[in-house]
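Letter by letter, the chains look like this.
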Amino acid sequence: MARYEANTAEPKWRAVWDDRGCFKAENNPAKPKYYVLEMFPYPSGRIHMGHVRNYAMGDVVARVKRAQGYDVLHPMGWDAFGMPAENAAMERKTHPGTWTYANIDAMRAQLKLMGLSLDWDREFATCDPEYYAQQQAMFIDFLDAGLLTRKNATVNWDPVDMTVLANEQVIDGKGWRSGAVVEKRDLTQWFFRITDVAEQLLSAIDTLDGWPDKVRTMQRNWIGKSRGLQMRFDIAENTIIPDYKELEVYTTRPDTLFGMGFAAISPDHPLAISLDDRVDGLAAFRAECKAIGTSEEALEKAEKKGFDTGLQVRHPFTDELFPVYIANFILMDYGTGAIFGCAAHDQRDLDFARKYGLKVLPVVAPGGDEAFSVGTEAYTGPGRIINSDFLDGMEIEAAKEFVADKIAATGKGEKKTNYRLRDWGISRQRYWGCPIPVVHCDACGVVPEKKENLPVKLPEDVSFDKPGNPLERHETWKTTPCPSCGKSATRETDTMDTFVDSSWYFARFTAPRHATPTDRSVVDRWLPVDQYIGGIEHAILHLLYSRFFARAMAKTGHLSDASVEPFKALFTQGMVTHETYSRMDQGREVYFTPEEVERIGEGDYILKSDGEPVKTGAIIKMSKSKRNTVDPEAIIAGYGADCARWFMLSDSPPDRDVEWTEAGVEGAARHIQRVWRITEEALPRIPPAGTAMPAMDDAAAALRKVTHKAIKAATADIEAFRFNKAVARLYELTNAAAGFKGKGDGADWALREALETLAKLMAPMTPHLAEECWQALGHDTILAEVSWPVVEHALTIDDLVTMPIQVNGKRRAEIRVAADADKASVESITLAEPEIIKCLDGATPKKIIVVPGRIINVVV
RNA sequence: GCGGGCGUAGUCCAACGGUAGAGACAGAGGACUUAAAAUCCUUCCAGUGUGGGUUCGAAUCCCACCGCCCGCACCA
């Protein structure tokens, strides 16, 4: 009996699939289309277990859909621009492109080992000039369509690396690479006008019923819509300074206007800036706010601090005067950067008012109780208005409307909807990104490059020996004729945020070599992506940007309006975790890789090199720093790709974290051998492939039932992304086939059916093994081209069922009855049951509940 | 602070409001073997985080609390 040798079988079948072009999207209108996509990887150089899990899941979906008769598009590419390539270039004195393409080659080879059913013909990298040329063309279209704007923005500036940093790259106020204290700088940047479609992006979330609620909620919160009143307070005459007669604030609680205790403005508010020279100590206070502004710890401590400007504002209804503070908790980039403070009904305002001895007047009370007062906790619950003149007794919502209308009538304000979402700044002072295709001309201003001159290619002759953007010091590249007047002008040296690259790649896959960004004759058929799979970490930015991009592409004619939601269904998979091994060494935690340690007993490990014990630690996401990673290539070499795929899909539900364990992999490997062994052992007895079904005895019929129940259940589980349960069904079918004792009529036929079904059902998960079994079973077809098994529904329904009988909810007996027995006959059988007669002890049941096929409950 | 998720056997996990166990891992015993590995057979173990409520019936629904995890976070 030969073992199943993954190392020889796997390459063999991959070559067969390749030769036959099994996984090329046909673009065949006679078949329904199905577009399944996994988030494309960044070419870091090696695939990790997270990739294996992600792509194993996508491949299951792709293979099942293909077997079900869909025309499947399942492509792969590379999210290839970004900072790591530049960092590598600096460290290794090479070109970012050299490093990136070498990584792509390495990772492609690794991915191919997995046996994924990908259409490799469509592969591209976002750093291919062919790709970014189309992105530049779209940039120009977006510019023409008013989807882009250029404006000043405050950015995080690393003075050592001389570049803008994303917020995530600022750690405790310092640059993540240089460690330099990050400065705020005002730069002119390009922005996608995503806020213009904030409302559309928000309201369409309701239509995304194939998305996880969690992600939908996160996107709603990120867009952060709020309705309120934008209003202007008069500044008291004696405190007026030039240019500021009014203070404009934004509030979502106009109903609390009579509870006002003060006004406050952001340290970055223009009024605050203009007061710098007029008020002693103000400039120092503003500087202090700025200094703590970036540190996360400081934000968490969140001590309210304020500075009295000496200005006062007049209440629009009572004429009472209130002080204007500069307060460190007011953000300049939300609303107007100014508020009126109502201490009793906002915790921050209350903290502030208590600290500076400002007025605290409750104006909303539960039930309208006039005696209601507020201590150290602001009241934000429901109630009626008190202490508020003409609003007294009103409900909150009515009072909001009333005040807003009244203020609007005086011309001192208007209702306004605000969003937390900001325009998407895409300018990066980096080399390894898509050049922004515009030219700065002294005479003509900012001019887009002519489309026939695209792509604006990145120059090859650059060096990274100096900090900053090499494009900026590349004079021959920078200097170019103005597309408008032809005079010498300067190229924009900023490149685009890499999130731009990943915001439309899914569309490009439908026609990856087309001369325009999309080919409408095919993109309209393939989009939206039917199933998108990736990590939850992209729940907000990538997915929101892609939704924006699809709308922008529709507006500029690159997509149909039907594709503005590019991802019909989304699945976010959990992480791959592993135990950690460490030891304290000179007061420092030193971590060891799983290969460096050896298990010597229940949960006990020693370091192989010195035989001394190590501490086993938390089970956490695989990471380089904790050294708890397992290399997929090594696993594939040792156990085979099918084993890695199978294990990644078993046990844990796909959206939860899965722990990689040696024991688990070995269990998976055992199962693969077992499937092979029972298939091979059955070969001498089973009839040839395609033999007509003979008569069945009971044992054979029972096996057929197991087989068809497995088809039904596994198919449903896979379609619902319950891969762990689908795996359990296949174990069940395997156990039934392995333990099959039937020898009589139809037994051999039923066994063949079970084994063929097992191969077909396992094919999406362990495709190589399945092909090997299929071939051994005497088929000359390729399983990847064979259709999905069909359920005989009659076989999934049992004639007789076991029903438990409860008396007052406690299980007392069980009976076997026909599955379709009517309630009356079930009741009479129940009452005739000796155990039940004993339980009832002569009492008459009040009620008998019969749930057909399920349970009987006798209530006394 | 706000929002969301999860607590079931030693472990990972199943269970349309209806017999708590599908499946796997680990453990124990046995068969085969000179022995081991592999394989096969058998088998142990929980009443569902805690406390209430709804119901004929709750792991499941509701409320409160505890624990763990993940987002967002001074958004007026």
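Now for a look at the structure at hand. As the structure is a computational prediction, the values presented were derived from the model and not from experiment.

By nearness alone, 46 residues border RNA strand B, and Thr 252, Lys 304, Tyr 334, Arg 348 and Asn 857 come closest of all. Here Lys 725 contributes a side-chain N or O atom positioned 2.9 Å from a phosphate oxygen of RNA strand B. Within the side chain of Gln 806, an N or O atom sits 3.4 Å from a base nitrogen of RNA strand B. Secondary structure elements with two or more residues in the surface near RNA strand B: helix 7 (213-223), strand 9 (246-251), helix 20 (662-682), helix 22 (723-738), strand 32 (800-807), strand 33 (810-818), strand 34 (847-851) and strand 35 (855-859).

By secondary structure assignment, the location of Ser 427 is in strand 18 (residues 427-428). A polar atom in the side chain of Ser 427 sits 2.8 Å from the backbone nitrogen of Trp 190. For Ser 427, the residues in contact, after removing those within four places along its chain, are Gln 189, Trp 190, Ile 436, Asp 494 and Thr 495.

What follows covers the pattern of salt bridges. For the coordinates displayed, the defined rule picks out 56 salt bridges. The residue Lys 705 makes a salt bridge to Asp 798 at a minimum N-O spacing of 3.5 Å. Residue Lys 705 is found in helix 21 (residues 698-719), and its partner Asp 798 is found in the loop between helix 24 (767-776) and strand 32; the two are separated by 93 residues along the sequence. On the accessibility criterion, Lys 705 (21% relative accessible area) is partly exposed. Here Asp 798 and Lys 709 are joined by a salt bridge, their closest N and O atoms 3.0 Å apart. Taken together, the positions of Asp 798 in the loop between helix 24 and strand 32 and Lys 709 in helix 21 put the pair 89 residues apart, joining distant regions of the chain. According to the relative accessible area criterion, Lys 709 is partly exposed, its value standing at 32%. Overlapping salt bridges bring together Arg 232, Asp 234, Glu 246, Glu 248, Lys 412 and Glu 414 as one network.

Let us look at the packing of aromatic side chains. Summed over all chains, the structure comprises 43 aromatic pairs. Seen in terms of ring centroids, Phe 390 and Phe 402 are 5.7 Å apart; in terms of plane orientation they differ by 45°. Their pairing is tilted. Taken together, the residues Phe 390 in the loop between strand 15 (384-385) and helix 12 (396-409) and Phe 402 in helix 12 connect sequence positions 12 residues apart. We classify Phe 402 as partly exposed; its relative accessible area is 36%. An aromatic cluster is defined as three or more aromatic residues linked by ring pairs; in this entry it consists of Phe 40, Phe 124, Tyr 131, Trp 504, Tyr 505, Phe 506, Phe 509, Tyr 532 and Phe 567. Sitting above the plane of the Trp 17 ring, Arg 63 keeps its charged end 4.6 Å from the centroid.

Below, the discussion takes up the packing of helix 7 against helix 17 (residues 541-555). Contact pair helix 7 / helix 17: the axes reach a minimum separation of 10 Å and the direction vectors enclose 75°. What the angle tells us is that helix 7 and helix 17 run roughly perpendicular. Here Val 215, Gln 219, Trp 222 and Ile 223 of helix 7 lie close against helix 17, whose contacting residues are Leu 541, Leu 543, Leu 544 and Arg 547. Looking at the contact of helix 7 with helix 17 residue by residue, the classes come out as 6 nonpolar, 1 polar and 1 charged.

This part covers the pairing of strand 3 (residues 148-158). Sheet analysis places strand 3 next to strand 7 (residues 183-192), joined by 10 bridges and oriented antiparallel. Opposite Lys 151, over in strand 7, you have Gln 189 as the bridge partner. Two elements, strand 3 and strand 4 (residues 163-165), share 3 bridges in a ladder whose sense is antiparallel. Bridge pairing in strand 4 places Asn 156 opposite Leu 165. The turn linking strand 3 back onto strand 4 is made up of 4 residues, and Met 162 within it adopts a positive phi angle of 55°.

Grouped together as the largest cluster of nonpolar side chains are 170 residues, with contacts concentrated most on Tyr 505, Phe 549 and Trp 660. Ranked by residue count, the leading element in this core is helix 2 (residues 49-67), at 10 residues. Beyond its immediate chain neighbours, meaning those up to four positions away, Trp 660 contacts Met 49, Val 576, Thr 577, His 578, Met 622, Val 630, Ile 635, Phe 647, Met 648 and Val 665. Leu 229, Ala 272, Ala 353 and Met 394 belong to the second largest nonpolar core, which has 58 residues in total.

What follows deals with the environment of Ser 625. Along the chain, Ser 625 falls in the loop between strand 30 (613-621) and helix 18 (632-639). Look at Ser 625 and you get exposed, because its relative accessible area is 56%. Measuring from C-alpha to C-alpha, the distance between Ser 625 and Tyr 591 comes to 8.1 Å, with 34 residues separating the pair along the chain.

Right, let's get into the sheet that holds strand 25 (residues 570-573). Ordered in space as 2-1-24-25, the 4 strands form an open sheet in which the pairing is parallel. Bordering the open sheet on either side are strand 2 (71-73) and strand 25, each of which pairs with just one other strand. Neighbour to neighbour, the strand axes of the sheet diverge by 20° on average, direction disregarded. Taken together, the 3 bridges between strand 1 (residues 33-38) and strand 2 define a ladder with parallel strand orientation. In the strand pairing of strand 2, Lys 33 is matched with Asp 71.

This next bit is on empty space enclosed by the protein. For the coordinates displayed, the defined rule picks out 1 cavity of 30 Å³ or more. Counted as a void, the largest cavity has a volume near 150 Å³. If you go around the largest cavity, you meet 16 residues; those closest to its centre are Arg 63, Ala 67, Ala 763, Leu 783 and Ala 784. Counting only elements with at least two residues in the lining of the largest cavity, the list comes to helix 2 and helix 24. The element contributing the most residues to the lining of the largest cavity is helix 2, with 3 residues. A per-class count over the lining of the largest cavity returns 11 nonpolar, 1 polar and 4 charged.

About the thresholds
- Counting from 1, residues in each chain are numbered in the order their sequence is written.
- To read the labels, note that chains go from A and ligands from 1, taken in the order they are written.
- Where local features are concerned, this predicted model is filtered to residues with pLDDT of at least 70; where side-chain atom pairs are given and counted, the filter is 80 or more; whole-chain, interface and lining totals use all residues.
- Only hydrogens and water are removed before side-chain values are computed, so all heavy atoms of the structure are retained for them.
- Any residue with a heavy atom lying within 4 Å of a molecule or strand is counted as near it.
- Counting of polar contacts relies on pairs of N or O atoms within 3.5 Å, with two restrictions inside protein: one atom must be capable of donating a hydrogen and the other of accepting it, and residues adjacent in sequence are counted only when both atoms are side-chain atoms.
- Put simply, DSSP H or I for four residues or longer makes a helix, DSSP E for two residues or longer makes a strand, and each gets a number counted from the N terminus.
- Note on contacts: a residue pair is in contact if any heavy atoms of the two residues lie within 4.5 Å.
- The rule for a salt bridge is simple: a side-chain nitrogen of Lys or Arg has to be within 4 Å of a carboxyl oxygen of Asp or Glu.
- Buried means the residue's accessible area, taken with a 1.4 Å probe over protein chains only, is under 20% of the maximum for its type, while exposed means over 50%, and partly exposed covers the values in between.
- Each Phe, Tyr or Trp ring, with Trp reduced to its six-membered ring, pairs with another whose centre is within 6.5 Å; inter-plane angles below 30 degrees give stacked pairs, above 60 give edge-to-face pairs, and intermediate values give tilted ones.
- Whether a charge lies above a ring is judged from NZ of Lys or CZ of Arg, which has to be within 6 Å of the ring centre and within 35 degrees of the ring normal.
- Every axis in this analysis is a line fitted to C-alpha atoms, fitted for helices over the stretch in contact. Angles between the N-to-C directions lie between 0 and 180 degrees.
- Should an angle fall under 35 degrees it is taken as roughly parallel, and over 145 as roughly antiparallel, whereas 65 to 115 is taken as roughly perpendicular and any remaining angle as oblique.
- The residue classification treats Ala, Val, Leu, Ile, Met, Phe, Trp, Tyr, Cys and Pro as nonpolar and Asp, Glu, Lys and Arg as charged. All others, Gly included, are polar.
- Here, a strand pair is defined by DSSP locating no fewer than two bridges between the strands.
- Here, nonpolar core refers to any group of buried Ala, Val, Leu, Ile, Met, Phe, Trp, Tyr and Cys residues whose side-chain atoms link them within 4.5 Å.
- Cavity and pocket criteria rest on a 1 Å grid covering protein atoms alone: a 1.4 Å probe that fits but cannot get out defines a cavity, protein on both sides within 12 Å along at least 5 of 7 lines defines an open pocket, and an atom within 4 Å of a point defines a lining residue.
- Grid points are joined across faces, edges and corners, and a volume is the space filled by probe spheres set on the points.

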